[in-house]
Structures are given as structure tokens and as C-alpha cells.
Amino acid sequence: MEQSSDKTEKSALPVVAIDGVKIKSIREAKQLTQLYVASVVGVTTDTISRWENNRYPTIRRDNAEKLATALEVDPAEILKREEGGEESDDALSPPEQKSHRRFLVPVITLAVILVAAAVLLSRQMFVIPTAERNLPAFGAPGEIIPVQIKIDRKDAGTEGFIVKEKLPAGWRFINSLPPAAGKAYAEEVKWLITAGTGSVAISYTVQIPHQAGLKTSALFTGEVVVNVDKISRRKSCSGDSMVTVDAVHWADENGDGRIDDDEIMPAFYRTEEMKGLGLDWDTVEAIWNGKGYRWDVQKKLFEIIR
């Protein structure tokens, strides 16, 4: 057995600060005798007693490791805590490990900072696709009118995105190209748009309620929804947002009661692009060939002026 002495504790070997109160508490909690601990460490019971009473506040590192083994605990648990409340976790580590640890800490910290900066930069550089809505200025009660949304995908590099449109209260969704995702519920229509570059278009038709009052306005709202790093990012649709409900055909852009030569071609192209969506081209062409039209309030239809 090794005899403890001041010379032993003041040896040139590396020493660590121990917590005598903690050591005694652990030993008693585990119902270990001082004799058993002393035999494992290789010291006398008198030395164990001095350690527990803080008579020797520092001991050789190798003895501290043996003491921790005897108490069946991690060596850090018997070390004295520093003022900041942190244990000297590296006090029992070999000098080489301490050196490596000092080197790794700044390296790991730098790596974390670089990763965080890269994620932040990628989010800042990400460009959400833009959507611009085109609406006719007018529409009559009960009439089916066209709506088009031009989308610039901006080479966003996503797996795709969602376009949502909220229709005015009481207005009925008719059909669209591309088809809507599912059915229109609660006056909201959704489309799933695939990723890619360049522009794409959504064309759809809605019917104005027959009971809609004249000289009233109806509001359209919509947004693009993109998932970036599991976070939904949204951008509102720009462009037209209001339609005036009146005794005016949707192709009559200036509302002067006729469809002239300047208005017929835009109406023709829009109708061609939206074939099968319910637009009435025959009425548009008849109004253009006539002198104009009037709105029959009772019948809720347009009468051609010949």
C-alpha cells in the first residue's frame, strides 16, 4: 500500500482539484467503505479520509482516475467545480487530448458558422416565382368570364409550387387549363405547378352570380406558395384584382356598349386559348358584327343591336 504524505501530493506528477464532499457522498451512497476504496486506489484509509475532508484539495491525476474507478463514477464527477459552475472535464485528459481539443473547438465553431451562413445565403438568394393576373374590366350578372394568370418560374430550383386563387363571394368556378388540383372548395381554387424555367399560364373561367347587383365590384386574391427548407414562403399575385359587375360584356374593354375592331382580336385570342372552358364566342362575334348590344335586365342576357 502506498503511504500518503505531503511529498506524495506535491510530486511533480500532474495534479487535479478534487471535491471531498462529493467523494464522501458518492462513497456513502454506494455503501462503500474507506478500506475498500483505499485498497482499489492503493493508498491508506487515512489518505481517503484526508481527501474526503479536503485536507488534500489536490491529488495526482492517476490517483484521481483510480478513485473514480473505485467509486464507479466518471472522473469528472469527483472534480471540484470552477467558479462558472463548470467541471474541469479535461483535467483528467492526457495532454495530447487537451491539445487536440483546443484545436478542434475553433474548427468546429467555424464549421457551424459556415453552414449557418450557407443556409441563410441560400434562403436569401432563393427567388419565389411571380404570378400576374389578367381580368376583364367588366362582367354582367350570370355571365362566364375569363381569368388568366401568367407565372414566371424564375428558375427557382424547387420541386414545384402551388398557385392559389380566392374567388369573390358567390362566384362559381367553371373550368381551367391546366386542371385545378381537386375541386374548388370555399371559393378557393388551387393548381400544382411543376418546377422549370420560363413562363407558364393558368387560364380559368368563373361565372358571376345571377343575383349580383349592377355597379358593384368583386375582388380576386391569390398567391404563390413555395416550400423552402420545410418552410412555406408565399408571394401574392400581382396584376388585376377587381371586376366591375355591370350591364357590360367582358370583351367590351372600355364599356361603351359595343365590341369594336380593337377589342375583337384580344377577345378572339383569349377565347382560342381557353377553348372548352365555357366562353361564348358566338355572342362576342355577333356583337362585333352588329352595331352594338344592350343588356336585358329581365332576361339576364345581351340583345344584339343590328
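Note that this is a predicted model, so its numbers are computed, not measured.

(A) Up close: the pairing of strand E6 (residues 161–166). In terms of strand pairing, E6 meets strand E8 (residues 188–193) through 6 bridges, oriented antiparallel. Bridge pairing in E8 places Lys 164 opposite Lys 190.

(B) Structural detail: the sheet that holds E8. On the basis of which strands lie adjacent, the open sheet formed by 4 strands has the order E8-E6-E11-E12 and antiparallel pairing. For this open sheet the edge positions go to E8 and strand E12 (231–236), each flanked by a neighbour on one side alone. Ignoring which end each strand starts from, the neighbouring axes of this sheet average 25 degrees apart.

(C) Broad picture of the environment of Pro 14. Relative to the elements of secondary structure, Pro 14 occurs in the loop between helix H1 (6–9) and strand E1 (15–17). Between the C-alpha atom of Pro 14 and that of Asp 62, which follows or precedes it by 48 residues, the distance is 8.4 Å.

(D) Focus on the pattern of salt bridges. Across all of its chains, the model carries 10 salt bridges by this definition. Here Glu 52 and Arg 27 are joined by a salt bridge, their closest N and O atoms 2.5 Å apart. Of this pair, Glu 52 sits in helix H4 (residues 45–52) while Arg 27 sits in helix H2 (residues 20–29), and the two are 25 residues apart along the sequence. Exposure class is identical for Glu 52 and Arg 27. Each is buried. Here Arg 258 and Asp 256 are joined by a salt bridge, their closest N and O atoms 3.7 Å apart. Residue classification places Asp 256 among the partly exposed positions, given a relative accessible area of 38%.

(E) Spotlight on the sheet that holds strand E10 (residues 216–219). Ordered by their spatial adjacency, 3 strands build an open sheet running E4-E14-E10, and the pairing between neighbours is mixed. Only two strands of the sheet have a single neighbouring strand rather than two, namely strand E4 (138–139) and E10. Examined bridge by bridge, E4 and strand E14 (residues 242–245) share 2 bridges and lie parallel to one another. Looking at E14, one finds that Gly 139 is bridged to Val 245.

(F) Spatial organisation of a nonpolar patch on the surface. Together, Met 265, Phe 268 and Tyr 269 make up an exposed nonpolar region whose accessible area comes to about 280 Å². Residue Phe 268 is classed as partly exposed on the basis of its relative accessible area of 30%.

(G) The arrangement of the nonpolar core in detail. Counting residues in hydrophobic clusters, the biggest one holds 45 residues, and the most contacted among them are Val 163, Trp 171, Trp 191, Tyr 204 and Phe 220. Counting residues per element, this core draws most heavily on strand E5 (residues 144–152), which supplies 4 residues. In this structure, Ile 23, Ala 64, Ala 68 and Ala 70 belong to the second largest nonpolar core, which totals 21 residues.

(H) Summary view of unusual backbone geometry. Of note, the amide linkage connecting Leu 177 to Pro 178 takes the cis form, showing an omega dihedral of -5 degrees. By the secondary structure assignment, Pro 178 is in the loop between strand E7 (172–177) and E8. Even without being a glycine, Gln 31 presents a positive backbone phi close to 60 degrees. Mapped onto the fold, Gln 31 is located in the loop between H2 and helix H3 (34–41). Since its relative accessible area comes to 72%, Gln 31 is described here as exposed. Within the chain, Glu 72 stands out as a residue other than glycine whose phi angle is a positive 60 degrees. Position of Glu 72 relative to the elements: it lies in the loop between helix H5 (61–71) and helix H6 (95–125). Here Glu 72 falls in the exposed class, since its relative accessible area comes to 56%.

(I) Quick peek at the packing of aromatic side chains. On inspection of all chains with the given rule, the structure shows 8 aromatic pairs. Taken together, a centroid distance of 6.5 Å and an interplanar angle of 70 degrees make the contact between Phe 173 and Trp 191 edge-to-face. Taken together, the positions of Phe 173 in strand E7 and Trp 191 in strand E8 put the pair 18 residues apart, joining distant regions of the chain. Its relative accessible area of 0% is what places Trp 191 among the buried residues. By the ring-pair criterion, three or more aromatic residues cluster together here, those being Phe 173, Trp 191 and Tyr 204.

(J) How the structure looks around H2. Turning to H2, its buried residues number three or more, namely Gly 20, Ile 23, Ile 26 and Arg 27. Burial along H2 is one-sided: seen end-on, the buried residues are contained in an arc of 130 degrees. Turned more than 90 degrees away from the buried face of H2 sit Val 21 and Ala 29, all of them exposed. Buried residues belonging to H2 abut H3, H4 and H5. You can read the cap of H2 off the contacts: a side-chain oxygen lies 3.2 Å from the backbone nitrogen of Val 21, and it is on Asp 19. Count one or two residues on from H2 and you reach Gln 31, which has phi positive near 60 degrees.

(K) Focus on the environment of Asp 246. With respect to the helices and strands, the residue Asp 246 is situated in the loop between E14 and helix H7 (261–273). Separated by 108 residues in the primary sequence, Asp 246 and Phe 138 place their C-alpha atoms 6.5 Å from one another. Among all residues touching Asp 246, those that are not within four sequence positions of it are Gly 139, Ala 140, Pro 141, Leu 214 and Lys 215. Looking at Asp 246, its side chain comes within polar contact range of the side chain of Lys 215, at 2.9 Å.

Conventions and cut-offs
- Residues numbered from 1 in each chain as written.
- Predicted model: local features only at pLDDT ≥ 70, side-chain atom pairs only at ≥ 80, totals over all residues.
- Heavy atoms only, no water.
- Pairing = 2+ DSSP bridges.
- Helix = DSSP H or I, 4+ residues; strand = E, 2+ residues; numbered from the N terminus.
- Axes fitted to C-alpha atoms, helices over the stretch in contact; angles between N-to-C directions.
- Salt bridge = Lys/Arg side-chain N within 4 Å of Asp/Glu carboxyl O.
- Buried < 20%, exposed > 50% of the residue type's maximum accessible area, 1.4 Å probe, protein only.
- Patch = residues over 30% accessible without salt bridge, like charges linked within 9 Å, V, L, I, M, F, W, Y side chains within 5 Å.
- Areas by Shrake-Rupley, 256 points an atom, 1.4 Å probe, with all protein chains shown as cover.
- Core = buried A, V, L, I, M, F, W, Y, C linked by side-chain atoms within 4.5 Å.
- Phe/Tyr/Trp six-rings, centres within 6.5 Å; stacked < 30°, edge-to-face > 60°.
- Arc of directions from axis to C-beta.
- Contact = heavy atoms within 4.5 Å.
- Polar contact = N/O pair within 3.5 Å; in protein donor to acceptor, adjacent residues only side chain to side chain.

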